Amino acid sequence: MAAPPAPEETTHIGYRRIARNEKSRWVRHQFDTVASRYDLMNTLLSAGIHYLWKQRAVRLLDLRPGNAVLDVCGGTGDLAVSALKRVMPGGSVVLYDINREMMRAGRRKRTHAALRRRIRFLQGDAEQMALAENTFDAAVVGFGMRNLTDMAAGFREMHRVLRPGGRMVCLEFSRPVAPFFRWLYDRYSFHVMPWLGERLTGSRQAYTYLPESIRLFPPPAELARLLSTIGFTRVEHWRLTNGVAVIHRGVKE
């Protein structure tokens, strides 16, 4: 019988641990399963508030016409579309994601179809992007860093491809601040989310992984320290909806 992987060779899938080289394939399979109903689930589970969070994240990129923007783990392209509106005329948006099914679902969406045709969709690993350094004026990632095997590698790549002075914004789930709201949110996350996910997408597993991965994501102060260590300056964060989501911003000097 083969020996189990050493701790440094494993990583988290929610509360479980698997071999590091298996995580990206596991995550890709989960998103393949839910891609066609991913946006519907986001809207139902957040009561539509996720659109407001995304709009604020894009505003914090401080975009101008002509800017080049990178949307990392961009999925179905909500952030990319919002960014493209702000950089036209003359600007461009690249959406980078490892999951082809998610990008295909985004390209097929009827909302903002003309804008979606202007987005450049690239499939690849966010931990080692096939993009030149000092290329983009801004980079954004929304609800994607939790899914990487090496989150720090993803942030280092975003830093690498930004031009000096480029802005990075990360929108990610977190935990509510108010104790009673946190108690309610925990019960909603661990009971309602998986139940609803199973009925609407056929995957209870994907929506069990979601709240577990949120609990394991670094709290805002810890993530801010990581971003500073990587080389981002003027690191700030904003809690949204009592801390259900958090936006981090940093600048490449």
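Here the residue index of a chain counts from 1 through its sequence in written order. For a predicted model such as this one, the threshold for reporting local features is a pLDDT of at least 70, and the threshold for listing and counting side-chain atom pairs is 80 or more; totals across whole chains, interfaces and linings nevertheless cover every residue. By convention in this description, side-chain values take in all heavy atoms of the structure and omit both hydrogens and water.

This paragraph deals with the overall build of the protein. Labels follow the DSSP assignment, with helices taken as runs of H or I lasting at least four residues and strands as runs of E lasting at least two, numbered in each case from the N terminus. What the protein contains, in helices and strands, is 10 helices and 9 strands. Here the globule rule reads 2.2 Å times residues to the power 0.38, and the radius of gyration is calculated from C-alpha atoms. Its C-alpha atoms give the protein a radius of gyration of 18 Å, near enough to 18 Å, the size a compact globule of 253 residues would have. With respect to the three principal axes, the spread of C-alpha positions in the protein is 55 × 40 × 40 Å. A sequence separation of at least 24 residues applies to 70% of the contacts in the protein between residues at least 6 apart. Using a 1.4 Å probe, accessible areas were evaluated by the Shrake-Rupley method; residue-level cover was limited to the displayed protein chains. Accessible area for the protein stands at about 12200 Å²; split by element, carbon and sulfur atoms hold 54% of it. Only heavy atoms matter for contacts: two residues are in contact if any of them lie within 4.5 Å across the pair.

Residue exposure (1.4 Å probe, protein chains only): buried if accessible area is under 20% of the type maximum, exposed if over 50%, otherwise partly exposed. Here helix H10 (residues 220-230) has its buried residues at Pro220, Leu223, Ala224, Leu227 and Ile230. Considered in projection along H10, the buried side chains sweep an arc of 120° and stay on one side of the axis. Pointing more than 90 degrees away from the buried face of H10 are the exposed residues Arg225 and Thr229. In this fold, the buried residues of H10 make contact with helix H7 (151-161), strand S7 (162-173), strand S8 (232-240) and strand S9 (245-252). Where H10 terminates, the next one or two residues include glycine 231, which has phi positive at roughly 130°. Note that the arc is defined by the directions from the helix axis to the C-beta atoms.

Quick look at the packing of aromatic side chains now. Each aromatic ring pair is described using two quantities: the centre-to-centre distance and the angle formed by the ring planes. For Phe, Tyr and Trp, where Trp contributes only its six-membered ring, two rings pair if their centres lie within 6.5 Å, and the inter-plane angle classes them as stacked under 30 degrees, edge-to-face over 60, or tilted in between. Applying the stated criterion to the full structure yields 5 aromatic pairs. Between tryptophan 53 and phenylalanine 173 the ring centres are 6.1 Å apart and the planes differ by 80°, which places this aromatic pair in the edge-to-face class. Placement of the pair is tryptophan 53 in helix H3 (residues 49-59) and phenylalanine 173 in strand S7, with a sequence separation of 120 residues. The same class applies to tryptophan 53 as to phenylalanine 173, namely buried. Arranged with centres 5.8 Å apart and planes meeting at 15°, the rings of phenylalanine 180 and tryptophan 183 form a pair that is stacked. Highlighted residues: phenylalanine 180 and tryptophan 183, both in helix H8 (residues 179-201), separated by 3 residues, approximately one helical turn. Of the aromatic side chains, those joined through ring pairs into one cluster are Trp53, Phe143 and Phe173.

Between H7 and H10, the shortest axis-to-axis distance is 10 Å and the interhelical angle comes to 50°. As the angle between them shows, H7 and H10 are arranged oblique. Considering only the axes of H7 and H10, their crossing is right-handed. Contact residues: Met151, Ala152, Phe155, Arg156 and His159 in H7; Leu223, Leu226, Leu227 and Ile230 in H10. Each residue belonging to the contact of H7 with H10 can be placed in one class, and the counts come to 7 nonpolar, 1 polar and 1 charged. Only the stretch in contact is used when a helix axis is fitted, and all axes are lines through C-alpha atoms; the angle between N-to-C directions ranges over 0 to 180 degrees. Comment on the angle field: the value is read as roughly parallel under 35 degrees, roughly antiparallel over 145, roughly perpendicular from 65 to 115, and oblique elsewhere. Should the near helix be turned anticlockwise from the far one by less than a right angle, the crossing is left-handed, and should it be turned clockwise, the crossing is right-handed. Throughout this entry, Asp, Glu, Lys and Arg are counted as charged residues, while Ala, Val, Leu, Ile, Met, Phe, Trp, Tyr, Cys and Pro are counted as nonpolar. The remaining residues, Gly among them, count as polar.

Before going further, it helps to examine the pattern of salt bridges. By definition, a salt bridge exists where a carboxyl oxygen of Asp or Glu is found within 4 Å of a side-chain nitrogen of Lys or Arg. Counted according to the given criterion, the structure contains 17 salt bridges. A salt bridge links arginine 204 to glutamate 198; the nearest nitrogen and oxygen atoms lie 3.3 Å apart. One salt-bridge network, in which partners are shared between bridges, spans Asp39, Lys54, Asp78, Lys109 and Arg116.

Further remarks concern the pairing of strand S4 (residues 92-97). Looking down a regular strand, the side chains alternate between one sheet face and the other. In terms of burial, S4 is a largely internal element, 5 of the 6 residues being buried. Whether a crossover is right-handed comes down to one check: with the strands pointing away from the viewer, does the path from the first strand over the helix to the second run clockwise; if it does, it is right-handed. For the handedness criterion, the β-α-β arrangement of strand S3 (residues 68-72), helix H4 (residues 78-87) and S4 is classed as right-handed. As judged from the 4 bridges shared by S4 and strand S5 (residues 120-123), these two strands associate in the parallel manner. Considered in S5, the bridge of aspartate 97 is made with glutamine 123. Here the rule is simple: two strands pair whenever DSSP picks up at least two bridges between them.

Another point: empty space enclosed by the protein. Any residue with an atom within 4 Å of a point lines the site, the site being either a cavity, points on a 1 Å grid over the protein atoms alone where a 1.4 Å probe fits but cannot get out, or a pocket, an open set with protein on both sides within 12 Å along at least 5 of 7 lines. Grid points are joined across faces, edges and corners, and a volume is the space filled by probe spheres set on the points. Enumeration according to the criterion identifies 1 cavity of 30 Å³ or more in this entry. Its volume calculated, the largest cavity comes out at about 50 Å³. Every residue lining the largest cavity is listed: Cys170, Glu172, Phe173, Ser174, Phe217, Pro218, Pro220, Leu223, Val246 and His248. Residue assignment for the lining of the largest cavity shows that the elements contributing at least two residues are S7, H10 and S9. Element by element, the count of residues in the lining of the largest cavity is highest for S7, at 3 residues. Class assignment for the residues of the lining of the largest cavity results in 7 nonpolar, 2 polar and 1 charged.

Another aspect to go through is the side chain of arginine 116. Tracing the sequence through the fold places arginine 116 in helix H6 (residues 113-116). For this analysis, a polar contact is any N or O atom pair within 3.5 Å, provided that within protein one partner can donate a hydrogen and the other can accept it, and provided that sequence-adjacent residues contribute only side-chain to side-chain pairs. Among the polar contacts listed, one links the side chain of arginine 116 to the backbone oxygen of threonine 111, at a separation of 2.8 Å. With near-sequence residues (within four places) excluded, arginine 116 lies in contact with Thr76, Gly77, Asp78, Val81, Gly106, Lys109, Thr111 and Phe121.

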